[in-house]
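Geometric and topological summary
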Amino acid sequence: MNRKILSDKFFTLSEVQFDYQLKNGNWVENTWEVLERGNAVAALLYNTKKQTVIFVKQFRLPAYMNGIETGFLLEVPAGMLDDKDDSAEEAMKREILEETGYNIPKLTKIYNAFATPGGSTERFSCFVGEYDDSMKVAKGGGLDAENEDIIIIEMPFKEAIELISSGEIVDAKTIMLLQYAQIKKLLG
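Residues numbered from 1 in each chain as written. Predicted model: local features only at pLDDT ≥ 70, side-chain atom pairs only at ≥ 80, totals over all residues. Heavy atoms only, no water.

Another aspect to go through is the packing of aromatic side chains. Counted by the stated rule, this structure contains 6 aromatic pairs. Ring centres of Tyr 102 and Tyr 131 lie 5.3 Å apart, and the angle between their planes is 70°; this geometry places the pair in the edge-to-face category. Placement of the pair is Tyr 102 in the loop between α2 (88-100) and β8 (108-114) and Tyr 131 in the loop between β9 (123-130) and β10 (151-156), with a sequence separation of 29 residues. A relative accessible area of 7% places Tyr 102 in the buried class. In this structure Tyr 131 comes out as buried when scored by relative accessible area, which is 2%. Seen from their ring centres, Tyr 111 and Tyr 180 are 6.4 Å apart, and the 65° between their planes marks the pair as edge-to-face. Here Tyr 111 is found in strand β8, whereas its partner Tyr 180 is found in helix α4 (residues 172-183), with 69 residues between them in sequence. (Phe/Tyr/Trp six-rings, centres within 6.5 Å; stacked < 30°, edge-to-face > 60°. Helix = DSSP H or I, 4+ residues; strand = E, 2+ residues; numbered from the N terminus. Buried < 20%, exposed > 50% of the residue type's maximum accessible area, 1.4 Å probe, protein only.)

That is the geometry; function is a separate question.
This is the structure we're talking about:
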């Protein structure tokens, strides 16, 4: 396998040449471009008493470039693992606090999933966590140092499920976590 770095700014874009054996036994040489993003975390925050979930709404340039008129997406809190993170759960708790202002003491890891395995190395650790109003300890809204401008939205779980069908929620990790909550009946 030969790897040539094409760009190494925030993420690394590599061209990788590798040999691959086909199911018929023949070997072929392939060349792929791979986006090396690092790993990420995402969490669905839910309140069983109020039957609500918390989302963040923020501008996403790639979504804007691919047809989302405003560029704003409704998503679960999520973020990248940092070198200083001891665990995915620690990273998720940090991201929840930064984005929503909630300090969630207990998260349950439910699965790992690749975001786009055909082109990116990014793997998500996905969590669910129950919240109540007493856990709101900060303003949230993201980090000014990262030019984050996040809107925090609390909505009924049933409405969130309807927003998948209407096409207003189009983020894959958010859809998967909402459907997990629906299948497991986390909100009754």
